[in-house]
Amino acid sequence: MSGRVIAQIILVGTQIVGKAFIEAFKQASANAGKNGGSAFRGADALTRQTGMTVEEACQILNIKKNNLDLDQATKNYEHLFKANDTSSGGSFYLQSKVVRAKERIELELTDKDSSKEKS
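Residues numbered from 1 in each chain as written. Predicted model: local features only at pLDDT ≥ 70, side-chain atom pairs only at ≥ 80, totals over all residues. Heavy atoms only, no water.

Now for the nonpolar core. The biggest cluster of nonpolar side chains holds 13 residues, and the ones touching the most others in it are Cys58, Leu61, Ile63, Leu68 and Ile105. For this core, the secondary structure elements donating two or more residues are helix H3 (54–61), helix H4 (70–83) and helix H5 (92–118). (Core = buried A, V, L, I, M, F, W, Y, C linked by side-chain atoms within 4.5 Å. Buried < 20%, exposed > 50% of the residue type's maximum accessible area, 1.4 Å probe, protein only. Helix = DSSP H or I, 4+ residues; strand = E, 2+ residues; numbered from the N terminus.)

So this is what it looks like as structure tokens:
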């Protein structure tokens, strides 16, 4: 008797979880279709290319967005890169975020310089 009750509980629980999973999948599919399947839809090309916005890069490197300075960005990059060095107990993930932030700032400054030359 108790085996039958346990089997029914497992069966009902599986059905509930299955239905919830199907609903979540339908919702995710609808959201992906609505957004074009891209998390960066409407973002500029550099954001799509690097996967990081200028604001995020500025926050990581602790610089102001309205005053992008490559020297300050490089100085902060070097400090953060050394502070997160894995050989001294740092985080590889944070170190890679610092590298990507510096690359994003460099691309932004290069893009600004090329647009000034075109003008």
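Moving on: the pattern of salt bridges. Under the criterion given, the structure shown has six salt bridges. Among the ionic pairs, glutamate 103 bridges to arginine 100, the shortest N-O distance being 2.9 Å. Taken together, the residues glutamate 103 and arginine 100, both in helix H5 and three residues apart, mark about one turn of the helix. For glutamate 106, the salt bridge is made with lysine 102, and the minimal N-O distance between the two is 2.6 Å. Note that glutamate 106 and lysine 102 are positioned in helix H5 at a spacing of four residues, about one turn of the helix. By relative accessible area, glutamate 106 is classed as partly exposed at 29%. (Salt bridge = Lys/Arg side-chain N within 4 Å of Asp/Glu carboxyl O.)

A few words on the side chain of glutamate 108. As for its placement among the helices and strands, glutamate 108 is situated in helix H5. Judged by its relative accessible area of 12%, glutamate 108 is buried. Among the polar contacts listed, one links the side chain of glutamate 108 to the side chain of arginine 104, at a separation of 2.8 Å. (Polar contact = N/O pair within 3.5 Å; in protein donor to acceptor, adjacent residues only side chain to side chain.)

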